[in-house]
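# Coordinate analysis (summary)
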Amino acid sequence: MKAKFLVPLFLFLLLVGFLGFGLSLNPREVPSPLIDKPAPDFTLARLDTPEQTLGLSDMKGQVWLLNVWASWCVACRQEHPVLVALSKRKEVPIVGLNYKEVRGDGTIDMRKVPEQNELPMAIERARGWLQSHGDPYDVSILDINGRVGIDFGVYGVPETFLIDKQGVIRYKHIGPITPDALRDTILPKVAALKAES
Amino acid sequence: MRRFLLACGLTLFALAGHADTAAPVAADPVLEERVMALSHKLRCLVCQNQSIAESDADLAVDLRGQVREQLSAGRSEDEIADYMVARYGDFVLYEPPMRASTLLLWLGPIVLAVVGIGVLMIRLARRNKESAPALDEAQRARARALLEENDNDGTQA
């Protein structure tokens, strides 16, 4: 009975604990329901040769990364050197999903862009950006209207998906990849998935 | 009538399929109302305290386009909600579904209320018992005498 006065203090500390835990979470990171599910199928024009397409089945049998990017995406600049360094190690192929290159850019008034101009404009912008910042991608594909992005549950750029040999999404990194995240999380997962048969 | 509606829906879908994106507003006000009603139940992932009906974020506009396109293609509200959940998770729903993982969320307030009322009732019952202390015969007599004395004072004054 003596310790009864400690009860409110205990409850208060419990509340502080919960609130502190809440503060440590990042509400921007919404867990994807696609983890451990087959990657959504897609067939999109390649940035290097737009008359050719790349589909999900073309990547079968490989462990690979799908990195969502755009030239207008500021955070992509932050992770870009990390990707360029990663591509030089030749450990894992990186496919770039260029997301809404033209219409995603808030500074462009889409009413002034004729429909047939959007694709050439996107190609020019995306190629120019890779030329000046370095191209870490084995291949980039063009998601002009963002439809494939929706299928992948993309809600912010950059996002990166790790896909296994069977075409199943095994991990999703939201936001720019930091050197720490690459070293401590992504590369170990790549190595583990490559070891799977 | 149903056939006519279906034909209208299919025509709209064909038109939407032609344009690269769905038109920002459906020509049919009834359809637009359904689009907005469903959009109000879906959370925008970019600006998380707004629904995709209220938000002007790029993604919200795209997702509204999806809702519009799929409704005009004849899919039901539930099917479209499932489509969104499959891509973005339960988080897109403002009203989360009842599941093992959300049970605490749904039942928590009820459990807390029941526990609170229970504790209150037990304490009140205990207090009632305590507030009637037993007096022995001598104490009763004394109390009666005091009360009578007071009464007499009252009548004399």
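As a reminder, the structure under discussion sits directly above these lines.
To keep things clear, this report deals only with the structure shown in the data block. Bear in mind the structure is a predicted one, so any value in this text is a computation, not a measurement.

What follows concerns the packing of helix α2 (residues 74–89) of chain A against helix α5 (residues 179–195) of chain A. Residues and elements named next belong to chain A. Packing of α2 against α5 leaves a shortest axis separation of 10 Å and a crossing angle of 45 degrees. With respect to α5, the element α2 is oriented oblique. For the element pair α2 and α5, the recorded crossing hand is right-handed. Each of Val82, Leu86 and Arg89 in α2 lies in contact with α5, whose residues at this interface are Pro179, Leu182 and Leu187.

With that settled, consider the interface of chain A and chain B. Contact residues are listed per partner, giving 21 residues for chain A and 19 residues for chain B. Summed over both partners, the interface of chain A with chain B comes to about 1700 Å²; 43% of that surface belongs to carbon and sulfur atoms. Across the contact surface, chain A and chain B share 4 salt bridges. Among the ionic pairs, B:Asp58 bridges to A:Lys100, the shortest N-O distance being 3.3 Å. There are 5 residue pairs in polar contact (both at pLDDT 80 or more) connecting chain A and chain B. Breaking the side of chain A that touches chain B down by element, the ones donating at least two residues are α3 (115–133) and α4 (147–151) of chain A. The element best represented in the side of chain A that touches chain B is α4(A), accounting for 4 residues. For the side of chain A that touches chain B, a count of residues per class yields 9 nonpolar, 4 polar and 8 charged.

A:Phe152 and B:Val67 are the most contacted members of the largest nonpolar core, which has 76 residues in total. Tallying contributions element by element places helix α4 (residues 77–88) of chain B first for this core, with 6 residues.

Tallying each qualifying case throughout the model produces 1 cavity of 30 Å³ or more. Estimates place the volume of the largest cavity at around 30 Å³. Taken together, A:Val30, A:Pro31, A:Ser32, A:Pro33, A:Gly153, A:Tyr155, A:Lys172, B:Leu45, B:Arg87 and B:Tyr88 form the lining of the largest cavity. Residue classes in the lining of the largest cavity are distributed as 6 nonpolar, 2 polar and 2 charged.

Reading the values: the criteria
- Residues numbered from 1 in each chain as written.
- Chains lettered and ligands numbered in written order.
- Predicted model: local features only at pLDDT ≥ 70, side-chain atom pairs only at ≥ 80, totals over all residues.
- Heavy atoms only, no water.
- Axes fitted to C-alpha atoms, helices over the stretch in contact; angles between N-to-C directions.
- Helix = DSSP H or I, 4+ residues; strand = E, 2+ residues; numbered from the N terminus.
- Parallel < 35°, antiparallel > 145°, perpendicular 65-115°, else oblique.
- Left-handed = near helix turned anticlockwise from the far one by under 90°.
- Contact = heavy atoms within 4.5 Å.
- Buried area = accessible area lost by both parts, 1.4 Å probe.
- Salt bridge = Lys/Arg side-chain N within 4 Å of Asp/Glu carboxyl O.
- Polar contact = N/O pair within 3.5 Å; in protein donor to acceptor, adjacent residues only side chain to side chain.
- Nonpolar A, V, L, I, M, F, W, Y, C, P; charged D, E, K, R; others polar.
- Core = buried A, V, L, I, M, F, W, Y, C linked by side-chain atoms within 4.5 Å.
- Buried < 20%, exposed > 50% of the residue type's maximum accessible area, 1.4 Å probe, protein only.
- 1 Å grid on protein atoms, 1.4 Å probe; cavity = no way out; pocket = protein on both sides within 12 Å on 5 of 7 lines; lining within 4 Å.
- Points joined across faces, edges and corners; volume = space filled by probe spheres on them.

Interpretation note: all reported values are geometric properties and have no functional meaning in isolation.
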